[in-house]
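Residue-level structure breakdown
Residue strings, one per chain:
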Amino acid sequence: MRYGEVLVMGGTSDARALCQQLDAANVPYTLSVATPTGKQLAGAIKGQVRCGRLELDHMIAWLRDNRTRWVIDASHPYAEVVSRNIQRACEAAGVLLSRYQRPEQLSDLTHPLLYTVQSIAQACDVAKKFGDRVLLTTGSKDLAQWRIGLPEKTLLARVLPVPDVIAQCAELGFGVGEIFALCGPFSAEFNAAFYRQCQADVVVTKASGAEGGYQEKVQPCLDAGIPCIVITRPAPLVTGDELLESQAAFAQRLARWLAAD
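What you see is a predicted model; the values in this text were computed from it and never measured.

Bringing the sheet that holds strand β2 (residues 30-33) into the picture now. The parallel open sheet is built from six strands, whose spatial order is β3-β2-β1-β4-β5-β12. Both edges of this open sheet fall to β3 (48-51) and β12 (243-244), since each of them pairs with a single strand only. Sheet topology places strand β5 (residues 96-100) next to β12; two bridges connect them, and they run parallel. The partner of Arg99 across the bridge, within β12, is Leu243. Here helix α1 (residues 13-24) sits on the sheet and contacts β1 (6-9), β2, β4 (70-73) and β5; the angle it forms with β1, its principal contact strand, is near 155°.

Moving on: the pattern of salt bridges. Scanning the entire structure with this criterion turns up eight salt bridges. In this structure, Glu5 engages Arg69 in a salt bridge whose closest nitrogen and oxygen atoms are separated by 3.4 Å. Of the two residues, Glu5 is situated in the segment before β1 and Arg69 in the loop between α3 (56-65) and β4; the sequence distance between them amounts to 64 residues. On the basis of relative accessible area, Glu5 is assigned to the buried category, the value being 16%.

Here the structure, examined in full by the defined rule, presents seven aromatic pairs. Here the aromatic cluster, defined as three or more aromatic residues joined through ring pairs, consists of Phe180, Phe186, Phe190, Phe194 and Tyr195. Across from the ring centre of Phe174, 4.2 Å away, lies the NZ or CZ of Arg147, which sits over that ring. Directly above the ring of Phe194 sits Arg158, whose terminal nitrogen or CZ lies 4.9 Å from the centroid.

It is worth spelling out the sheet that holds strand β10 (residues 202-206) at this point. Ordered by their spatial adjacency, six strands build an open sheet running β6-β11-β10-β7-β8-β9, and the pairing between neighbours is parallel. Single-partner strands in this sheet number two, and they are β6 (114-117) and β9 (179-181). Between one strand and the next, the sheet's axes are offset by a mean angle of 20°, whatever the strand orientation.

To continue, consider the pairing of β5. Along β5, four of the five residues are buried, which leaves the element largely enclosed by surrounding structure. Since β4 and β5 lie parallel, the crossover through helix α4 (residues 80-93) that links them has a hand, and here it is right-handed.

Moving on to helix α9 (residues 214-223). Within α9 the residues assigned to the buried category are Tyr214, Lys217, Val218, Pro220, Cys221 and Leu222. If you follow the buried residues of α9, they end up packed against β6, β8 (154-159), α8 (188-198), β10 and β11 (228-231). Gly225 occupies a position one or two residues after α9 and carries a positive phi of about 75°.

The residue after Gly184, namely Pro185, is reached through a cis peptide bond having omega 0°. When you line up the elements, Pro185 lands in the loop between β9 and α8. Its identity is not glycine, yet Arg67 carries a phi of approximately 50°, on the positive side. Positive phi outside glycine occurs at Gln199, with the angle close to 55°. Here Gln199 shows up in the loop between α8 and β10.

With that out of the way, let us pick up the environment of Gly175. Structurally, Gly175 is set in the loop between α7 (163-171) and β9. Separated by 20 residues in sequence, Gly175 and Leu155 place their C-alpha atoms 9.6 Å apart.

Basis of the calculations
- Residue numbers restart at each chain and count upward from 1, following the sequence in its written direction.
- It should be noted that, the model being predicted, local features are given only for residues of pLDDT at least 70 and side-chain atom pairs only at 80 or more, the latter also being counted only at that level, while totals for whole chains, interfaces and linings use all residues.
- Side-chain metrics in this entry use all non-hydrogen atoms of the structure; hydrogen atoms and water are not considered.
- The criterion for strand pairing is that DSSP finds at least two bridges linking the strands in question.
- Here a strand is any run of E in DSSP of at least two residues, a helix any run of H or I of at least four, and the numbering for each starts at the N terminus.
- The contact criterion used throughout is that any non-hydrogen atoms of two residues lie within 4.5 Å.
- Every axis in this analysis is a line fitted to C-alpha atoms, fitted for helices over the stretch in contact. Angles between the N-to-C directions lie between 0 and 180 degrees.
- Each salt bridge in this description consists of a side-chain nitrogen of Lys or Arg and a carboxyl oxygen of Asp or Glu lying within 4 Å of one another.
- A 1.4 Å probe rolled over the protein chains alone gives each residue an accessible area, and that area as a share of the maximum for its type sets the label: buried under 20%, exposed over 50%, partly exposed in between.
- To pair, rings of Phe, Tyr and Trp, with the six-membered ring standing in for Trp, must have centres within 6.5 Å; the planes then decide the type, stacked if under 30 degrees apart, edge-to-face if over 60, and tilted in the middle.
- Ring-over charges, as used throughout, are those where CZ of Arg or NZ of Lys falls within 6 Å of the ring centre and within 35 degrees of the ring normal.
- Note on handedness: a clockwise path from strand one over the helix to strand two, with the strands aimed away from the viewer, defines a right-handed crossover.

Next comes the structure, spelled out in structure tokens:
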């Protein structure tokens, strides 16, 4: 049994669901996650879990050393650098690459207070037009950029309840009343109450799709008359038959891979 023959990249709920499909098909695999939090969120899967970031050279070496035949990139939709390194590593090692990317749901909502932008810089430009309290539901990775882009605003960070993340927020000057450590996704009712509680003047989020609770985040915001800024996703690097946008599409791709094995 060679766990390195199939490699799933990503610590997302999507990656866990793909692993469960591989488990059901009795396919040995390795799930690669960047952090202990990702390992914890993987839950009870049958595959091996490797933890730690893989730079390009290490990724190529891992693929070759483990004689990997198929890589499934299920990393976060906004982890563009990670996906680019995965693509380059697969090209260098001659490995089949599939990309799983959940539908984004952007077209499902329209509203005068809904603003779509392509970058943090553009989001900052829009946020400057509104009130002082800016609620960021975009994760912890780019908090330093928000600090630089919105130096005059009161930034509120909704982040994962992980010690390293809380420490990062504190180092960037977020006070006790500006850090909201919670693990989603959340219901629309919860978000509506949360926006009232934190007194947000504008909310910033990402096109996270159904799995990330996109509509549950955005609709209550708009219903409350709060401007909502959505950062769109980077274009996927993988296209055609190897771009998989649903669990059903992955099931079909897995069946083809097993049939050709």
